[in-house]
Each structure stands twice: as structure tokens, then as C-alpha cells.
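Commentary on secondary and tertiary structure
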Amino acid sequence: MAKRIEVKDLDIYYDKFLAVQGVSMTIQPRSVTALIGPSGCGKSTFLRTLNRMHELVPNARVDGKIFMDDDDLYGAAVDPVNVRRQIGMVFQRPNPFPTMSIYDNVAAGLKLNNKRLRKAEMDEVVERALSAANLWEEVKDRLPKPGSGLSGGQQQRLCIARAIAVQPDVLLMDEPCSALDPISTQAIEDLMLELKEKYTIVIVTHNMQQAARVSDMTGFFNLRGVGQPGELVEIDETTKIFSTPSKKATEDYISGRFG
Amino acid sequence: MPPSTTRPKAPKVPQRPGDRIFAGASTGAGVLILVVLAGVAAFLLVEAWPSLTAPAEDIPGGEGVAVYVWPLLFGTLISAVFALLIASPLAVAIALFITYYAPRRIAAGLGYLIDLLAAVPSIIYGLWGFTVLAPLTVEPANWLAENLGFIPLFAGPPSATGRTMLVAVIVLAVMILPIITAVVREAFRQTPRLHEEASLALGATRWEMIRMAALPFGRSSIIGASMLGLGRALGETMAVAIVLSVSGGVTFNLISSANPSTIAANIALQFPESSGIAVNTLIASGLVLFAITLAVNMVARAVINRRKEFSGAN
Ligand SMILES: Nc1ncnc2c1ncn2[C@@H]1O[C@H](COP(=O)(O)OP(=O)(O)OP(=O)(O)O)[C@@H](O)[C@H]1O
Ligand SMILES: [Mg+2]
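Residues numbered from 1 in each chain as written. Chains lettered and ligands numbered in written order. Predicted model: local features only at pLDDT ≥ 70, side-chain atom pairs only at ≥ 80, totals over all residues.

Under the annotation held in an unreviewed UniProt entry, chain A carries the name Phosphate ABC transporter ATP-binding protein and is attributed to Prauserella cavernicola.

Along the backbone of chain A there are ten helices and ten strands. Relative to its length of 259 residues, chain A is compact, with a C-alpha radius of gyration of 18 Å against a globular reference of 18 Å. Each of the three principal axes of chain A carries a C-alpha extent, and together these read 55 × 45 × 30 Å. Burial analysis of chain A (259 residues in total) assigns 47% to the buried set. (Helix = DSSP H or I, 4+ residues; strand = E, 2+ residues; numbered from the N terminus. Rg over C-alpha atoms; globule rule 2.2 N^0.38 Å. Buried ≥ 20, exposed ≤ 12 C-beta atoms within 10 Å, placed from the backbone.)

All names here are of chain A. One non-glycine residue, N134, lies in positive phi territory at about 55°. Mapped onto the secondary structure, N134 falls in the loop between α4 (119-132) and α5 (136-139). You can call N134 partly exposed: it has 17 C-beta atoms within 10 Å.

Facing the 19 residues of chain B at the interface are 19 residues of chain A. Elements represented by at least two residues in the side of chain B that touches chain A include exactly α6 (193-201) and α7 (206-235) of chain B. Of all the elements, α6(B) adds the most residues to the side of chain B that touches chain A, at six residues. Residue composition of the side of chain B that touches chain A, by class: eleven nonpolar, five polar and three charged. (Contact = placed C-beta atoms within 7 Å. Nonpolar A, V, L, I, M, F, W, Y, C, P; charged D, E, K, R; others polar.)

A separate point is the site of ligand 1. Residues and elements named next belong to chain A. Taken together, the neighbourhood of ligand 1 is formed by Y14, F17, A19, G37, S39, G40, C41, G42, K43, S44, T45 and V57. Where the shell around ligand 1 is concerned, the elements lending two or more residues are β2 (17-27) and α1 (43-50). Ranked by residues supplied to the shell around ligand 1, first place goes to α1 with three residues. Per-class residue counts for the shell around ligand 1 are five nonpolar, six polar and one charged. (Near = placed C-beta within 6 Å.)

A separate point is the packing of helix α3 (residues 102-112) of chain A against α4(A). Residues and elements named next belong to chain A. α4 packs onto α3 with a crossing angle of 105° between their chain directions and a minimal axis gap of 10 Å. Regarding the angle of α3 to α4, the classification is roughly perpendicular. Facing α3, whose interface residues are Y103, V106, A107 and L110, α4 presents M122, V125, V126, A129 and L130. (Axes fitted to C-alpha atoms, helices over the stretch in contact; angles between N-to-C directions. Parallel < 35°, antiparallel > 145°, perpendicular 65-115°, else oblique.)

Attention shifts here to the pairing of strand β9 (residues 217-223) of chain A. Residues and elements named next belong to chain A. Counting buried residues in β9 gives seven out of seven residues, a clear majority hidden from the surface. Side-chain alternation along β9 places M217, G219, F221 and L223 on one buried face and T218, F220 and N222 on a second face that is also buried. Sheet topology places strand β3 (residues 32-36) next to β9; four bridges connect them, and they run parallel. Bridge pairing links T33 to M217 in β9. The pairing of β9 with strand β10 (residues 230-237) spans seven bridges and is antiparallel. The residue bridging G219 from the neighbouring strand is I235, located in β10. (Pairing = 2+ DSSP bridges.)

Let's shift gears to the nonpolar core. By size, the foremost hydrophobic cluster in this structure holds 152 residues, and its most contacted members are A161(A), A83(B), V169(B), V171(B), L172(B), I176(B) and V184(B). For this core, the element with the highest residue contribution is helix α5 (residues 165-189) of chain B, accounting for 19 residues. (Core = buried A, V, L, I, M, F, W, Y, C linked by C-beta atoms within 7 Å.)

With that out of the way, let us pick up the packing of α6(B) against α7(B). All names here are of chain B. Relative to each other, α6 and α7 sit at 155°, their axes nearing to 8 Å. Comparing the axis directions of α6 and α7 gives the class roughly antiparallel. Once α6 is placed against α7, the crossing between them reads as right-handed. Between α6 and α7, the contacting residues are H195, E196, S199 and L200 on the first element and E208, M209, M212, A213 and F217 on the second. Looking at side-chain class alone, the contact of α6 with α7 contains five nonpolar, two polar and two charged residues. (Left-handed = near helix turned anticlockwise from the far one by under 90°.)

Residue and element names in this part refer to chain A. In this model α4 runs 20 Å from its N-terminal to its C-terminal C-alpha over 14 residues, within 8% of the 20 Å that 1.5 Å per residue would give. Every buried residue of α4 is accounted for by V126, A129 and L130. Down the axis of α4, the buried set is contained in an arc of 95°. They therefore lie on one face. Of the exposed residues in α4, the ones pointing more than 90 degrees away from its buried face are A120, E121 and E124. (Expected span 1.5 Å × (residues − 1). Arc of directions from axis to C-beta.)

Side chains three or four residues apart in an α-helix point the same way, a direct result of the helix having 3.6 residues per turn. When the local axis directions of helix α4 (residues 122-147) of chain B are compared, the greatest deviation, roughly 45°, occurs at L133(B), which is followed within four positions by the proline P135(B). Among the structural elements, α5 and α8 (238-243) of chain B are those in contact with the buried residues of α4(B). (Bend = angle between axes of the 7 residues up to and from the residue.)

Now for the confidence of the model for chain B. For chain B, per-residue confidence averages 85 on the pLDDT scale, and residues scoring 70 or more make up 93% of the total. At the level of chain-chain contacts, confidence expressed as ipTM amounts to 0.89, with global pTM at 0.81. (pLDDT = per-residue confidence, 0-100.)

As a note on interpretation, predicted positions should not be read in detail where pLDDT is low. Across chain A, the average pLDDT comes to 90, with 97% of residues at 70 or higher. Across chain A, element-level confidence peaks in β3(A) with a mean pLDDT of 96 and bottoms out in helix α7 (residues 182-195) of chain A with 87.

In C-alpha cells, the structure reads:
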């Protein structure tokens, strides 16, 4: 639970196209790491290499190493399915399974992990996950209803509940609030601050205030130039990045003097 | 803005000619379908009526309409249902293979091939069943009768020509396979990437992803496609007429030479030589076919609608 991730000199390709080059960073456990940067610089691409979702794109591949504690995530004997069971992901658009009830959505990951849980145990896990996602009070009376009947913000919290129900080591979030109103956003930000007590959280966001509010560390990605791959410009403590970043590009970006 | 009319409450939305023409055309088409359907039903009823009211001994066979139609109805149902039982799981499997397992270049070719197969006229399938498939089944049918004869389906005695219900079922299954596959594949292809990724990110294997995202999403399409196939099998005429050696009688025995015909095949074979009340009787059997086809479609609708909330359409 809550593991450290270490990325070493990672190059990320879509077929022959080098999308991101030379990323090295350490992501600390029990903290929130925010990734910011202009559109198209490869934040999502990088995030998806952390749980081996990247390679689902035909011909996509990576060069370099990623360790979770001491396990090489891209080791020859590692099954990507197992990696994804340990590293949860929340997407930009809420994506509960429309054919499943609220209850079944939260239970979906548990059933996959082949844990034969008794009904009572399952109920308990579902309640715990929904409570942790601050959704329990709102949905406890309609667990058998379809998840797609919830509001956007509730759906996103349902997706978070689904991701944490399996107690992953790490939680990845790709712009989890970009489709939500300010109040739902607030709810999810509060949630992140609670969740980081137990999980390692990495979040991609375009909202700089959000990065400043929720994260402990912030990494700034940028394109090296037009038609060039993206790169990690710097990663540092959030307070430092937003007050005295060490690179000029970072300063330009956060002060809105970008491009 | 056009001048306001006598109804002050609802503000008049400007009507564009395009909208009006389209609305008119689509309403017209909808009404036309209902009119045609009602017309067909009325025609069948009127033409079948004399046979329903005639004395039993005037009906071909001499025992009334019900006794005449029942074996045909039985043959129709058994051939179509067994064909569907073979074709639909196979179609889903093929569609899954094309969508999720086949290398991309092969997948494209296979999909194209399936679409082509769906366009082959049924008489071709009938000829193939008669000349190629029927002789091929003689040996296996003997084996089935000897070793699995205790199952009523394979009771035998096996036909020497192979023109059995089994061959009719297989021909029908092959015939409806492409259309079911094509529809189901289209549904799988539209499985939202979002939901596929949701399950994969939870650590689903590919098969688990198919079970969590693709199959539930494609569920109503699978049912719809099966009903389409069933409808085609129920109404199939020439392929069955060519393949099946008929002697009437109601039996589950698939491999003997004594088979019930089907309604559609029977009409095609008997109609040219019929006159008078015999024609009315054939039309009465057509009315039965019309009714069960309608019923099949309505049941399919009901099944699809029952879980609409969960269909992913919202
Ligand atoms: N499936 C794909 N196939 C090929 N190239 C891709 C694919 N997905 C992304 N790319 C390319 O990789 C680069 C990085 O894209 P990515 O989506 O990671 O950017 P991002 O930083 O997340 O942008 P945004 O902030 O808009 O989400 C872009 O040049 C993009 O065109
Ligand atoms: Mg992105």
C-alpha cells in the first residue's frame, strides 16, 4: 500500500513517433504529485505508462525503466494486468459501466481480482469504498440503480470508489475534474487530500490553482520545440514551483506568459 | 418572425421548409408501413377465411386446417430454432474474434468476407446443401444413430440421401450466420473506448474486458441480430424446399428421412399445383407464419426494453 515510483530515463513512443523523451522522476508515497504543462506535451501519455495502459495503443512502446518500490514494472516476467490491478486509474470523463448498478460498479474490480468474497464482506468493501469517495450518503439508498443515472460529479466519485475498492498502491488521475462544476471539483479535491493519507496519488491537471491546492510535488512538462518530443522540465515541491521555479519556461507557464 | 397566430400561449417557432418536408416524409413513411402491414394481415385473413370455415374433410389431408398446419409449424419452428442455436453463439464468437483478437489486417479481410456472405442468395445455399452437404452428412448421421441414438434428436433410422432436418438446420444456420455476425460485429466495434479502458485499468484481462464492457454493451444488438436471423430462418423458402425430403409427421428426429416440411417451403412447393380450398389452406398457413414472425419480433423488443435503463444509451 502506497508505494514509491521511480522513473528512469523514460522515452515514450507511438510507433515511430517519439512523444516524450528522457523523463526521470521520483514519486513519493502518501503524497499528491501534480503534472502540469501545455496541451499535447505528453502528460496523459506519461501517466498511462505508469500503469502500462500506454501499450494498449497498437505499436506503442517505451524505453527506460519504471520501478514501483523495488519492482521493475516493465520487467520481462511482469504481467501488465497485474500492474493495473495495483495501480488504479481515474479518467478525464467519468466512465462508470453503464450496464452495471452503482453497487456492481464498485464491486467490479474486486470480482476481477478473483477474491471470492461473501456477500457481507462485499457489502462492507463497497460501503467502505463509497464512504472513502464521499459518495456513500448520496447513493446508499439506490445502490441497485444504474451508475449512469448519477450526476457527472457523482459519477466521477463513483469511478474513484471503483478504483480504490481494490486497495491499489497508487492512484492515477488524468484531469479528473475537467468535466465537473466547481462544487464537485471541490469535493474531489477534498477527497484527494484524504486519500493521500493512504495512497500515492498522481494527478494531471490544467488547473494551476488546483495543482497548487492539492499537490505536494509538481512536475512541469513542456514540448522541447515545435515538432519535438515533450519532456519533463522540472519537478519540485509545489510551493517552490509556484513561487521560485528554477527554469524560465516553468515561470513563463505558471505566470501565463506562455506561447 | 411570422405573424403570431390565434394561440397566444405557445410562441410559434419558425418552421423551415426543410424541417417540414422531412417531418412530413418520415411521418408518411411510418404511416405507410402500418398501412402495408394492416393490408397484408387483412389479405391473409380474408383469403384464409374459407379454409377456416370449410368442413374438415375438404382440407388437404382431410382433417381440418389445424391438423394440416401443425406439422408445418412444428417443422418451421424446429428448423429455425436449431439453426439459431447453432448460428448465434458462433456469430458472437466470430464477431469477438474479428473485433478483439484477430490481427488488424486479417480482421478487415474477414469482416469484408462476412459482409459478402450475407449477400449470397438463399437458393445458392440450398443448392450447396443439396449437392455437397447432404451426402457429407450420411456417414456422421449413421455414427450418431449408432452411438447417440438414445438422444431423441438422433434416433434414426438415418437417411440414406442425407436430405434431413439436420442438413436443413445447418444450411439455415450457415445462411443466417453472416447477417448476425455483421450486426453483432458492428455493435462490438462501437463499444465505447472509455468503457474498455475502464475495465482494463481495473486490471481486466482481455476476456474480462469483453465480459465487462463489450458483451453488456452489445447485448441488445445480439438479441436484435438473433431475431433478425430467426426471422430469416422462419421465412426461408427455397433452401429448405431444395434440401428437405418431406413426409410430414411431427418428430424431433433430425437425421431420418421422415421430416416435417416448413410453412414457407410447403407453400412454395404446393402452390403451383393447388386450386380452390387448397390455396386458402396454404394462405392460412401463411397467416400463422406471419403471426409467429410478428410475435418473435415483439418478444425481442420486450427483451431489449426490459433493461433499457442499463443499456448504456443514456
Ligand atoms: N493514440 C495516439 N497515437 C499517436 N499519437 C498520440 C496518441 N495519443 C497521443 N498522441 C500524441 O502524443 C503527444 C502527447 O499527447 P498527450 O495526449 O499525452 O498530451 P497531453 O499533455 O495529455 O495533452 P492534453 O493536456 O491536451 O491532454 C501528442 O503529440 C499527441 O498527438
Ligand atoms: Mg491529456
